[in-house]
Every structure is written in C-alpha cells, then in structure tokens.
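Chains, contacts and geometry: an overview
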Amino acid sequence: MGIRFILMVNKQGQTRLAQYYEYLTLEERRALEGEIVRKCLARTEQQCSFVEHRNYKIVYRRYASLFFLVGVDNEENELAILEFIHLLVETMDRHFGNVCELDIMFHLEKAHFMLEEMVMNGCIVETSKANILSPIQLMDKAS
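The notes below deal with the structure included here.

What counts, and where the lines are drawn
Residues numbered from 1 in each chain as written. Predicted model: local features only at pLDDT ≥ 70, side-chain atom pairs only at ≥ 80, totals over all residues. Heavy atoms only, no water. Patch = residues over 30% accessible without salt bridge, like charges linked within 9 Å, V, L, I, M, F, W, Y side chains within 5 Å. Areas by Shrake-Rupley, 256 points an atom, 1.4 Å probe, with all protein chains shown as cover. Salt bridge = Lys/Arg side-chain N within 4 Å of Asp/Glu carboxyl O. Helix = DSSP H or I, 4+ residues; strand = E, 2+ residues; numbered from the N terminus. Buried < 20%, exposed > 50% of the residue type's maximum accessible area, 1.4 Å probe, protein only.

**Remarks on a nonpolar patch on the surface**
Together, Leu102, Met105 and Phe106 give the surface a local cluster of nonpolar side chains, amounting to about 320 Å² of exposed area. Among the secondary structure elements, Leu102 is positioned in helix α3 (residues 101–106). On the basis of relative accessibility, which here comes to 48%, the residue Leu102 falls in the partly exposed class.

**Side note on the pattern of salt bridges**
Taken as a whole and judged by the stated rule, the model has 8 salt bridges. The partner of Arg4 in a salt bridge is Glu22, with the nearest N and O atoms 3.2 Å apart. One end of the pair, Arg4, is in strand β1 (residues 3–10); the other, Glu22, is in the loop between β2 (15–20) and α1 (26–41), with 18 residues separating them in the sequence. Taken individually, Arg4 and Glu22 each receive the classification buried, so the pair is uniform in this respect. Sharing partners across several salt bridges, the network here consists of Arg4, Glu22 and Asp73.

Shown next as structure tokens:
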C-alpha cells in the first residue's frame, strides 16, 4: 500500500478534508494531524516539499490558501505523489472552477467522491480527469 492518508488543511492549520487508508483511532489521527500540520506549515517556500515523520514520508504542496498533504510509505516515489496532488487540484479546478477552501467546505462529499474515484485502498487507480468527474456530473444532472 502506498498512500496512507490525504489531508487538506488551510493556512491556519484547520483540517478541511481527511481521508485515511489505514486504521487509526480518533485520538491517533488528531495527534498525527497536529504534528504533521505544524511541521509542514512551519516550513518556508524555499524548503523541499518532502518531510519524514514517524514511519511516514509526507509529501505536501500549497495551492492558494490550501495545503495538500499526503502521507506515504517510505518506498513511495515523492515526485509521483507531487504529480498526484497536482492532478487532484486540476480535477477539483475543472469541477469547481478555481478550487478554494470554501468549495471543499461546502462540497465535502464531492471532494471525498473525487478522492474515492482516484485512490482505492491507498493505491492510485484513476488518473483521467474525465473518468473521475463523469460520475459526479451524472449525480449533478440527476439532482
């Protein structure tokens, strides 16, 4: 399994979306998120986007006011995960216009649905934006 968790966090460190692909208790999740978010938000723009924390490798990227953090195994390719983050943002941009924190907050179920279309059990299974968005567009038409 490659991806262990995906977090979307604002500049103040508030988690806007969290998706875990391994079991952690609520207390463990809260502690892990707090440690990782503090560590990543304290870094400058000039530092690289990879951080090792516990038994995870954290790959993160900032887009506007949102930080996208992905926790992966130590064997995972960091550049591939950066590319995955970029694909996720591009997919959300295509659906929401220019994705922002409010889009995630008000359409949390759609954001989770996009992630579920892209990642299954910690493995990236879909990279086509059209294939990811077509079920969401069908749901929008039906409602």
